Amino acid sequence: MRTEKTTTTAAGPQISNTAVASDSPTFQLSAFAATFPGDRFSDTLKAAAKKYLLDTIGCGIFGSRTSWSEIINAYVRKLGGPFEATLWVHDFQAAASSVALATGVMAHSFELDDYHPAGKLHPGAVVIPAALAVAEREKAGGAALIQALIVGYETMIRVALAAGALSMRRRGWHITGLCGPFGAAAAAGRLLGLDALQMANALGLAGTQASGLMAFTCDGSNSKRLHPGRSAQSGILAAELARQGFTGPTRVLEYEDGGFLKAVSDTPDPSRLTAGLGEDFLSAGVGIKPYPCCASTHSSIDAVLYLKQKHRFSPEAVQEVVVFNHSVVLKQTCWRYEPISPMQAQMNMGYCIALAISEGRITPELFSVSKIASPDLVALARKVRFEVDPQIEKKYPQTFPGKVLVRLTDGRQFWHEVPGPKGSPENSMSMDEVKQKYHSLADGIIGPDRADRIALCVERIESLDDINTLSALLA
């Protein structure tokens, strides 16, 4: 089917899109994001969205005090602009797109935010800052916010799966930054009331802004932190322009020449954009992190923590740790450890395993500049060796399993396998566990009482007529 839409501008009537393929994958995904009835989202799915919301808020509150977030926040304050949305924990308002930039950086600032295993991306740090900023400006209700979060997560995840996460990652893309603008545009567009054609334009404009490179691992730079915030900002821009009649490629995802899927991947599969759309909600399979480090290290951490607790060996007794995992995990996390920056330590398998053995926990303070340079930890991290596992090659990233072998200097060796780490869909965190994580991040910055009020507001979010009730608590 083909459709046209005529708009009137200062220059007179114009055709915003000619011969749009309304049966194309991009348009079908756009129609879902714009028009899927909110009452058809299950209670289970809405409960999951609230869990993601609380978790992301906690990550953002904690991240607000990092030096890299402070740089972005100062930049947003300098820009100023209309009082549209609240910069969390700063009692300051600015344009919605600027606030989304800052809160996206805050949420992703310490490797604590949620992730989708198969998509290898972090939807919460993109979709939630964009949606909250637009919802506050539009004075949307809590129910509308939850619907926007679901369609934003769903859109972002489906784009990643259709492109092929492993292919994108092997090419050097940071998938959160690359696919994030689509999720932010869908969430913002839903709150702005875009119709299906406008949403297709918004996704087209989002796709042409997509970016995000993994080169930050070379020197531990801050660029990784920027990607979710920039994606949130780009998605809002795309949705706002589309509402004004600015057009984008309405087949941006599947088009042969310069379409997103072929441009970023060697293994595109456009059918994954729409398979089970509206019935099989992939956003239900998002993982929540218990540890502030790369999610691909978590199953190995869990395995080491299990062995440490069971066998009570000391760091000095360790001769070697062999991590068995996927070839992409090797590329992403297993270079010779050097204490360059907290971000690089958070991405390094050796350092994370060393913490599990030495400290018996993985918590934010263990990634301080001084801690990551501890000679004992550096030496222990360098005892970690990686082997590609044939079985895990077949499973990852649909699941994040891990196998670990610990060899001791006295000749003993211990082995453990984890099918899915804590917080993953295979071993999910309950709302009570998410609350515990949230309070561990938020209480020290805003105080337990205020943190409690925010958590209660999130739990009752669908009863809010105006999301500004939550925004006022976040100010």
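Just so you know, these numbers come straight off a predicted model, no measurement behind them.

**Thoughts on the overall build of the protein**
Then comes step 1: A tally of regular secondary structure across the protein gives 20 helices and eight strands.
Then comes step 2: Whereas a compact globule of 475 residues would reach a radius of gyration of roughly 23 Å, the protein reaches 22 Å, a difference of no more than 12%.
Then comes step 3: Seen through its C-alpha atoms, the protein measures out along the principal axes to roughly 80 × 50 × 40 Å.
Then comes step 4: A buried classification covers 62% of the 475 residues belonging to the protein.
Then comes step 5: The long-range fraction of contacts in the protein, counting pairs at least 24 apart against all pairs at least 6 apart in sequence, stands at 75%.
Then comes step 6: Of the roughly 17,500 Å² of accessible surface on the protein, a fraction of 51% belongs to carbon and sulfur atoms.

**Observations concerning the pattern of salt bridges**
Then comes step 1: Enumeration according to the criterion identifies 25 salt bridges in this entry.
Then comes step 2: In this structure, Glu84 engages Arg137 in a salt bridge whose closest nitrogen and oxygen atoms are separated by 3.7 Å. Of this pair, Glu84 sits in the loop between helix H3 (67–79) and strand E3 (85–87) while Arg137 sits in helix H5 (residues 124–138), and the two are 53 residues apart along the sequence.

**A closer look at the side chain of Ser341**
Then comes step 1: With respect to the helices, strands and loops of the structure, Ser341 is situated in the loop between helix H13 (327–333) and helix H14 (342–347).
Then comes step 2: Contacts of Ser341, omitting those with residues within four sequence positions, involve Gly220 and Ile372.

**A word on the packing of helix H1 (residues 25–35) against helix H6 (residues 142–163)**
Then comes step 1: Contact geometry of H1 with H6 gives a least axis separation of 9 Å together with a crossing angle of 165 degrees. With respect to H6, the axis of H1 lies roughly antiparallel. In the packing of H1 onto H6, the handedness of the crossing is right-handed. Every residue of H6 that contacts H1 at Leu29, Phe32 and Ala33 is listed here: Val151, Glu154, Thr155, Arg158 and Val159.

**Focus: the packing of aromatic side chains**
The geometry of an aromatic ring pair is captured by the separation of the ring centres together with the interplanar angle, meaning the angle of the planes.
Then comes step 1: Counted by the stated rule, this structure contains 14 aromatic pairs.
Then comes step 2: By way of ring pairs, the aromatic residues Phe32, Phe36, Phe41 and Phe281 are connected into one cluster.
Then comes step 3: The ring centre of Phe92 lies 4.7 Å from the NZ or CZ of Arg77, which sits over that ring.
Then comes step 4: Lys308 extends its terminal NZ or CZ atom over the ring of Phe313, reaching a point 5.8 Å from the ring centre.

**Re the nonpolar core**
Then comes step 1: In terms of nonpolar packing, the biggest core is built from 107 residues, with Ile57, Phe260, Ile454 and Leu470 touching the most fellow members.
Then comes step 2: It is H6 that contributes the most residues to this core, 14 residues altogether.
Then comes step 3: Ignoring anything within four residues of it in the chain, the contact list for Phe260 reads Val159, Ala163, Leu178, Cys179, Phe182, Gly207, Ala210, Val252 and Leu253.
Then comes step 4: Residues Ala317, Val323, Leu366 and Ile392 belong to the second largest nonpolar core, which totals 50 residues.

**Digging into the pairing of strand E7 (residues 402–408)**
Then comes step 1: Burial analysis of E7 places six of its seven residues in the buried class, the great majority of the element.
Then comes step 2: One ladder, built from six bridges, connects strand E5 (residues 318–325) with E7; its direction is antiparallel. Opposite Phe324, over in E7, you have Lys403 as the bridge partner.
Then comes step 3: Where E7 lies against strand E8 (residues 413–418), six bridges are found, and the strand directions are antiparallel. Within the sheet, the bridge partner assigned to Val406 lies in E8 and is Phe414.

**Digging into the sheet that holds E5**
Then comes step 1: Pairing in this open sheet of four strands is mixed, and the strands run E6-E5-E7-E8 from one edge to the other. The open sheet has two free edges, formed respectively by strand E6 (384–388) and E8, since each of these has just one partner strand. Sheet twist, expressed as the average angle between the axes of neighbouring strands with direction ignored, equals 20 degrees.
Then comes step 2: Packed on one face of the sheet, helix H12 (residues 298–311) meets E5, E7 and E8 and runs near 135 degrees to E8.
Then comes step 3: Sitting on the sheet, helix H15 (residues 349–358) touches E5 and E6, and the angle it makes with E5 is about 125 degrees.

**Details of H3**
Note that an α-helix has 3.6 residues per turn; residues three or four places apart therefore point the same way.
Then comes step 1: In this model, H3 (13 residues) spans 19 Å end to end at C-alpha, consistent with the 18 Å of a helix rising 1.5 Å per residue.
Then comes step 2: When H3 is considered as a whole, its buried residues turn out to be Trp68, Ser69, Ile72, Asn73 and Val76. Relative to the axis of H3, the buried residues are bounded by an arc of 135 degrees and lie together on one face. Among the exposed residues of H3, those oriented more than 90 degrees off its buried face are Ile71 and Lys78.
Then comes step 3: Residues of H3 that are buried make contact with helix H2 (43–63), E3, strand E4 (92–94), helix H4 (96–107) and helix H10 (223–243).

**A few points about the side chain of Ser98**
Then comes step 1: Mapped onto the elements, Ser98 comes out in helix H4.
Then comes step 2: Here Ser98 falls in the buried class, since its relative accessible area comes to 8%.
Then comes step 3: Setting aside residues no more than four positions away along its own chain, Ser98 makes contact with Val76, Leu79 and Gln233.

**Points about the confidence of the model for the protein**
Then comes step 1: The pLDDT averaged across the protein works out to 95; a share of 96% of its residues lies at or above 70.
Then comes step 2: Here residues 6–15 is modelled with pLDDT under 50, and outside its nearest four sequence neighbours on either side it reaches twelve contacts, counting other chains as well.

**Some remarks on the state of the cysteines**
Then comes step 1: Evaluation of the coordinates by the stated rule reveals zero disulfides.
Then comes step 2: With no disulfide partner, Cys218 has as its closest neighbouring cysteine sulfur the one in Cys294, 17 Å distant.
Then comes step 3: For Cys218, a relative accessible area of 58% translates into the label exposed.
Then comes step 4: Here Cys294 stays free of any disulfide, with the sulfur of Cys293 as its closest cysteine sulfur at 7.4 Å.

About the cut-offs
- Residues numbered from 1 in each chain as written.
- Predicted model: local features only at pLDDT ≥ 70, side-chain atom pairs only at ≥ 80, totals over all residues.
- Heavy atoms only, no water.
- Helix = DSSP H or I, 4+ residues; strand = E, 2+ residues; numbered from the N terminus.
- Rg over C-alpha atoms; globule rule 2.2 N^0.38 Å.
- Buried < 20%, exposed > 50% of the residue type's maximum accessible area, 1.4 Å probe, protein only.
- Contact = heavy atoms within 4.5 Å.
- Areas by Shrake-Rupley, 256 points an atom, 1.4 Å probe, with all protein chains shown as cover.
- Salt bridge = Lys/Arg side-chain N within 4 Å of Asp/Glu carboxyl O.
- Axes fitted to C-alpha atoms, helices over the stretch in contact; angles between N-to-C directions.
- Parallel < 35°, antiparallel > 145°, perpendicular 65-115°, else oblique.
- Left-handed = near helix turned anticlockwise from the far one by under 90°.
- Phe/Tyr/Trp six-rings, centres within 6.5 Å; stacked < 30°, edge-to-face > 60°.
- Lys NZ or Arg CZ within 6 Å of the ring centre and 35° of its normal.
- Core = buried A, V, L, I, M, F, W, Y, C linked by side-chain atoms within 4.5 Å.
- Pairing = 2+ DSSP bridges.
- Expected span 1.5 Å × (residues − 1).
- Arc of directions from axis to C-beta.
- pLDDT = per-residue confidence, 0-100.
- Disulfide = S-S within 2.5 Å.

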